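Okay, here's what each chain looks like letter by letter:
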Amino acid sequence: MFPWEEEWNLSLAGCGFRSVYHLGALSCLLERVPRLVQGASKICGASSGCLVAAAVVVGIPIETFCLDVMTTAKEARKHRLGVFHPGFSLLQVTQHLLQERLPEDAHVRASGRLCVSLTRLEDGANVLVSEFDSREELIQVLLCSCFFPVYCGVTRPSYRGVHYMDGALSNNMPLCENRNTITVAPFSGESDVCPLEGSFNALEVHHGNVSIQVNTGNVHRICTSFLPPKPEKLAEICHNGYMDALRFLRQCDLLGAPHLPFCLEAPAGVCCDLMKVKEAEERKRKGLLQEEHCGLDHTLIQNLPVSMKTVLCEACRDAADPGAQDSRLAEVLPVRLVLILLSVCTLLLELIFLLLKSVLLSGMMACRLLTSASSIHRDAWRQRWKRPDSKSSDSDADRPLTSTITCEADKDLDWDRNGNLDHQDPQPRSPSA
């Protein structure tokens, strides 16, 4: 059971464009157990995780932030080089969205409840900020936590005159050391809400207080954190966050229905129903026979709230426009080769780890067998040598004492003046005797 009588925190790991995973997880928590989010003492985050945390704390709707993430990803994919294109600045886009979305009293709402992780550029030390004097200062703190050198440009943001960079580099899971902190990460590992891999993997990497298993799935997740995937993939990631959060609620017995099936029944109606009336005449006029979800498989988002499905369907419909440009950075041959090499290297690391593990286990077993065999052999020899010694000692003890002096037949025994026994030759007898 969840300890409601104690304070608890919510910590969101930085994950780039995969922050839609957090949105899916939070939509599940707010829909099923809203107290778990609304009653949290602190909502923490680093990098893109702090943006989601700030949106929840200041009251920005989840679907609104989801629309901003999808729009930013599509904008980055319009360029051939994606986020690395000189005409696209991810930090400037983030700053513009923050200035547009944050309310005027955002710093008042965030102070004491929002915790942002920063990495000081001078020495790499981690700094946690939870008090904000103004709305502009809150924006600067969020920008500092999202600034990844080179990836977000070369202009370093500052907070109170000190330059900072991405908080995920030093502490990607703030307050995770606290007992009642619910951790959320889109990488398979030991977080409370995270993806599950099909096979057991004991090899893990701990970076910034986040446990990440070494497998091909996490390699792909890390790459798509920096390189925005297609909107359909982002919708699937959002749905995965919802289902993983649902599994966490079930494990903590917070659903109120312990036998709730894993695949929930989809709400009545389709998410695009809200737009059908508006677009019906236009579709008839153009003579277009479009599917209800416009290229988005309904099974990928079937359990999400209706508001989230509406945003995702709209984003995927815009991406399906034949006139829209598509980012080819992930399809460029060198990038694909790098991704393939990373996957191969990861597989090799897994194989080497399993091989070393089996060799070590075999060696330990062989050492144990040799040790036991040598001890048995040593005990056997001790028993073997102990038995003859005991028999000889017993026979000597039972044997009567006998003199070791032998008398010769031609000698007589006589006592000398000192009381010693002496041998004397027999004297020749006279013939007369």
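Residues numbered from 1 in each chain as written. Predicted model: local features only at pLDDT ≥ 70, side-chain atom pairs only at ≥ 80, totals over all residues. Heavy atoms only, no water.

### Thoughts on the packing of aromatic side chains
Point 1. In this structure the tally under the stated criterion is six aromatic pairs.
Point 2. Centroid distance Y159 to Y164: 6.1 Å. Interplanar angle 50°. Geometry classified as tilted. Neither Y159 nor Y164 differs from the other in exposure class; each is buried.
Point 3. Here the aromatic cluster, defined as three or more aromatic residues joined through ring pairs, consists of F84, F148, Y151 and F226. (Phe/Tyr/Trp six-rings, centres within 6.5 Å; stacked < 30°, edge-to-face > 60°. Buried < 20%, exposed > 50% of the residue type's maximum accessible area, 1.4 Å probe, protein only.)

### As for the confidence of the model for the protein
Point 1. Averaged over all residues, the pLDDT of the protein equals 78, while 71% of them reach at least 70.
Point 2. In this model, residues 321-328 is a region of pLDDT below 50 whose contacts with residues beyond four sequence positions or in other chains number 14 contacts.
Point 3. Ignoring residues within four places in sequence, the model shows residues 390-395, a span with pLDDT below 50, making zero contacts including any to other chains. (pLDDT = per-residue confidence, 0-100. Contact = heavy atoms within 4.5 Å.)

### Remarks on the nonpolar core
Point 1. If you look at the biggest cluster of nonpolar residues, it comprises 83 residues, and the most contacted ones within it are L23, L26, L36, L114 and L118.
Point 2. With ten residues, helix 9 (residues 231-251) is the single largest residue contributor to this core.
Point 3. Those residues in contact with L114, other than ones at most four positions away along the chain, are I43, C50, A53, A54, V57, V129, S130, F132 and L138.
Point 4. C15, M173, V210 and I212 belong to the second largest nonpolar core, which has seven residues in total. (Core = buried A, V, L, I, M, F, W, Y, C linked by side-chain atoms within 4.5 Å. Helix = DSSP H or I, 4+ residues; strand = E, 2+ residues; numbered from the N terminus.)

### Topic: the side chain of S11
Point 1. Locating S11 in the fold gives a position in strand 1 (residues 9-12).
Point 2. Assessed through its relative accessible area of 0%, S11 is described here as buried.
Point 3. Every residue in contact with S11, bar those within four places of it in the chain, is listed here: C44, M173, P174, T181, I182, T183 and V184.

### Regarding the pattern of salt bridges
Point 1. According to the stated counting rule, one finds nine salt bridges in the structure shown.
Point 2. Two residues, R160 and D133, come together in a salt bridge whose shortest N-O distance is 3.1 Å. Remark: D133 occurs in the loop between strand 4 (126-129) and helix 7 (135-146) and R160 occurs in the loop between strand 5 (158-159) and strand 6 (162-165); sequence separation between them is 27 residues. There is no split in this pair, since R160 and D133 are both exposed.
Point 3. Among the ionic pairs, R247 bridges to D244, the shortest N-O distance being 2.8 Å. (Salt bridge = Lys/Arg side-chain N within 4 Å of Asp/Glu carboxyl O.)

### A short note on unusual backbone geometry
Point 1. Its identity is not glycine, yet L175 carries a phi of approximately 60°, on the positive side.
Point 2. Relative to the helices and strands, L175 resides in the loop between strand 6 and strand 7 (181-184).
Point 3. By relative accessible area, L175 is classed as buried at 12%.
Point 4. Even without glycine at this site, N209 takes up a positive phi of about 70°.
Point 5. Mapped onto the elements of the fold, N209 is located in the loop between strand 8 (204-207) and strand 9 (210-213).
Point 6. For N209, a relative accessible area of 42% gives the class partly exposed.

### A short note on the packing of helix 4 (residues 62-77) against helix 5 (residues 90-101)
Think of two packed helices as two axes; the pair is described by the angle between the axes and how far apart they sit.
Point 1. Close contact between helix 4 and helix 5 brings their axes to 12 Å; oriented N to C, the two are set at 155°. Looking at the two axes, helix 4 sits roughly antiparallel to helix 5. In this structure, helix 4 crosses over helix 5, and the sense of that crossing is right-handed. Facing T64, D68 and T72 of helix 4, the residues of helix 5 in contact are L90, V93, L97 and R101.
Point 2. The residue inventory of the contact of helix 4 with helix 5, partitioned by class, reads three nonpolar, two polar and two charged. (Axes fitted to C-alpha atoms, helices over the stretch in contact; angles between N-to-C directions. Parallel < 35°, antiparallel > 145°, perpendicular 65-115°, else oblique. Left-handed = near helix turned anticlockwise from the far one by under 90°. Nonpolar A, V, L, I, M, F, W, Y, C, P; charged D, E, K, R; others polar.)

### Structural notes on helix 5
Point 1. A rise of 1.5 Å per residue sets the reference length of helix 5, with its twelve residues, at 16 Å; its end C-alpha atoms lie 16 Å apart and thus fit the reference within 8%.
Point 2. Along helix 5, the residues classified as buried are L90, L91, T94 and L98. Relative to the axis of helix 5, the buried residues are bounded by an arc of 95° and lie together on one face. (Expected span 1.5 Å × (residues − 1). Arc of directions from axis to C-beta.)

### Here's the deal with the pairing of strand 2 (residues 42-45)
Point 1. Strand direction decides the pairing type here: strand 1 and strand 2, joined by four bridges, are parallel. Residue pairing for strand 2: S11 is matched across the bridge by C44.
Point 2. With three bridges joining them, strand 2 and strand 3 (residues 114-120) adopt parallel strand pairing. Bridged to I43 within strand 3 is L114. (Pairing = 2+ DSSP bridges.)

### Some details on helix 7
Point 1. Between the first and last C-alpha of helix 7 there are 17 Å, a value that for twelve residues agrees with the 16 Å anticipated at 1.5 Å per step.
Point 2. Buried residues dominate helix 7, accounting for ten of its twelve residues.
Point 3. For helix 7, the full list of buried residues reads R135, E137, L138, I139, V141, L142, L143, C144, S145 and C146.

### Topic: the packing of helix 1 (residues 20-32) against helix 3 (residues 48-58)
Point 1. Running from N to C, helix 1 and helix 3 point in directions that differ by 35°, and their axes come no closer than 9 Å. Helix 3 is crossed by helix 1, and the crossing has right-handed handedness. Contact residues: H22, L23 and L26 in helix 1; G49, V52 and V56 in helix 3.
Point 2. Split into classes, the residues belonging to the contact of helix 1 with helix 3 amount to four nonpolar, two polar and no charged.

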